[in-house]
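Chain residues, written in single-letter form:
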Amino acid sequence: MPNTPPPDFASLSLAEIARLAEEHRLPPVESWNPAHCGDSEMRIARDGTWIHQGSPIGRPAMVRLFSTILRRESDGRFVLVTPVEKLDIAVEDAPFVAVELKVEGEGEAMRLAFRLNTGDVVVAGPDHPLRIEPRDDGPHPYVAVRGGLDALIARNVYYELAQLALAQSDSPPGVWSQGMFFPLEPAA
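Residues numbered from 1 in each chain as written. Predicted model: local features only at pLDDT ≥ 70, side-chain atom pairs only at ≥ 80, totals over all residues. Heavy atoms only, no water.

### Some words on the overall build of the protein chain
Test applied: Each helix is a run of H or I in the DSSP string that is no shorter than four residues. Each strand is a run of E no shorter than two, and both are numbered from the N terminus. Think of it in three bands: residues with accessible area under 20% of the maximum for their type are buried, residues over 50% are exposed, and the middle band is partly exposed, with areas taken using a 1.4 Å probe on protein chains only. Only heavy atoms enter the contact rule, under which two residues are in contact if any of them lie within 4.5 Å. To measure how exposed things are, a 1.4 Å probe is used in the Shrake-Rupley method; for residues, cover is taken only from the protein chains shown.
When helices and strands are counted, the protein chain shows 3 helices and 14 strands. For the protein chain, with 188 residues in total, the buried portion stands at 41%. The contacts in the protein chain between residues at least 6 apart in sequence include a share of 55% that link residues at least 24 apart. In the form shown here, the protein chain has an accessible surface area of approximately 9900 Å², with 52% of it arising from carbon and sulfur atoms.

Written as structure tokens, this is what we have:
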């Protein structure tokens, strides 16, 4: 349920995390096509803070609720959508931030789970690939969340991934999760 506080990520096994991710049912926003109604006067800052009319939204349950009705349009815009209205929302980088990492296994048997700033969990793999985008200010790491929505991987979490990659003998350096290899350098 989106309004309940998330469980303590550190105390969960990866199997429990995967189960929670599977159980987290989201509204069918992809099937809702109301007329565009305007701007929500909201934005999601690069650090994952949700802001309405210039003030941060301080209630985590409200942010979690809004995050469940977030959708990315085919033209790249982000909207909050319900069966009766669709409102634009500005996103500075990615709508989510991966703030915590849980690792299980080693090498090709490794599994990586990320806790997002909204309390959602994502296990990297075929449905949730990792990617690195080169930018002028350095690489920007992301994990796919759903429907064109990504999570920017927080710097401290990226450093954890880099440590894992350096402990492996793979070239290029990278990490494994659910049988997939993800290089930790930008694609050429």
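### A look at the sheet that holds strand β5 (residues 78-81)
Two pairing modes exist for strands in a sheet, parallel and antiparallel, and in both the strands are linked by backbone hydrogen bonds. We count it as follows: Whether two strands pair comes down to DSSP finding at least two bridges between them.
As summarised here, the arrangement of the 6 strands in space is β3-β2-β1-β6-β5-β4, forming an open sheet in which the pairing is mixed. Pairing within the sheet leaves two strands with one partner each, and these edge strands are β3 (55-56) and β4 (70-72). Pairing between β4 and β5: 3 bridges, direction antiparallel. When the bridges of β5 are listed, R72 appears paired with F78.

### Digging into unusual backbone geometry
A positive phi is found at Q53, a non-glycine position, where the angle reads about 50 degrees. Mapped onto the elements of the fold, Q53 is located in the loop between β2 (50-52) and β3. For Q53, a relative accessible area of 54% gives the class exposed. Its identity is not glycine, yet Q178 carries a phi of approximately 50 degrees, on the positive side.

### Quick word on the side chain of D120
Note the threshold: Only four residue types enter the tally: Lys and Arg on the positive side, Asp and Glu on the negative side, with His and both chain ends excluded. The term salt bridge refers to a side-chain nitrogen of Lys or Arg lying within 4 Å of a carboxyl oxygen of Asp or Glu. Pairs of N or O atoms within 3.5 Å make up the polar contacts considered here, provided that, within protein, one atom can donate a hydrogen while the other can accept it, and that residues adjacent in sequence are counted only when both atoms are side-chain atoms.
Among the structural elements, D120 can be located in the loop between β8 (111-116) and β9 (121-123). No salt bridge is formed by the buried D120; the nearest opposite charge belongs to R146, separated by 4.5 Å. Engagement of the side chain of D120 in a polar contact is seen with the side chain of T118, the distance being 2.9 Å.

### Regarding the pairing of strand β11 (residues 138-146)
Looking at chain direction, strand β10 (residues 130-135) and β11 are connected through 6 bridges and run antiparallel. Across the sheet, the residue bridging to P134 is P139, located in β11. Two successive antiparallel strands, β10 and β11, enclose a turn made up of 2 residues. Between β11 and strand β12 (residues 149-153), which pair antiparallel and follow one another directly, the connecting turn spans 2 residues, one of which, G147, has a positive phi of 45 degrees.

### A closer look at the environment of G107
Mapped onto the elements of the fold, G107 is located in the loop between β7 (96-104) and β8. Look at G107 and you get buried, because its relative accessible area is 18%. Remark: the alpha-carbon pair of G107 and L164, spanning 57 residues in sequence, is separated by 9.3 Å. For G107, the contacting residues outside a window of four places in its chain are Q168 and W176.

### So, helix α2 (residues 60-68)
Definition in use: Regarding the arc, it is the one traced by the directions from the helix axis to the C-beta atoms.
Among all positions of α2, only V63, R64, S67 and T68 are buried. Buried residues of α2 fall within an arc of 140 degrees about the axis and therefore sit on the same side. Of the surrounding elements, those touching the buried residues of α2 are β2, β4, β7 and β11.

### Side note on the environment of P28
Turning to its location among the elements, P28 is positioned in the loop between α1 (14-23) and β1 (36-44). As for P28 and T82, which are separated by 54 residues in sequence, their C-alpha atoms are 9.2 Å apart.

### Details of the sheet that holds β8
Note the threshold: For helices, the axis comes from a line fit to the C-alpha atoms of the stretch in contact; other axes are also lines fit to C-alpha atoms, and the angle between any two N-to-C directions lies between 0 and 180 degrees.
Read from one edge to the other, the open sheet built from 6 strands follows the order β9-β8-β7-β12-β11-β10, with strand pairing classed as mixed. What marks the edges here is a single partner per strand, and that holds for β9 and β10. Within this sheet the neighbouring strands show an average axis-to-axis angle of 40 degrees, counted without direction. Running over the sheet, helix α3 (residues 155-167) touches β7, β8, β10, β11 and β12 and is turned about 30 degrees from β7.

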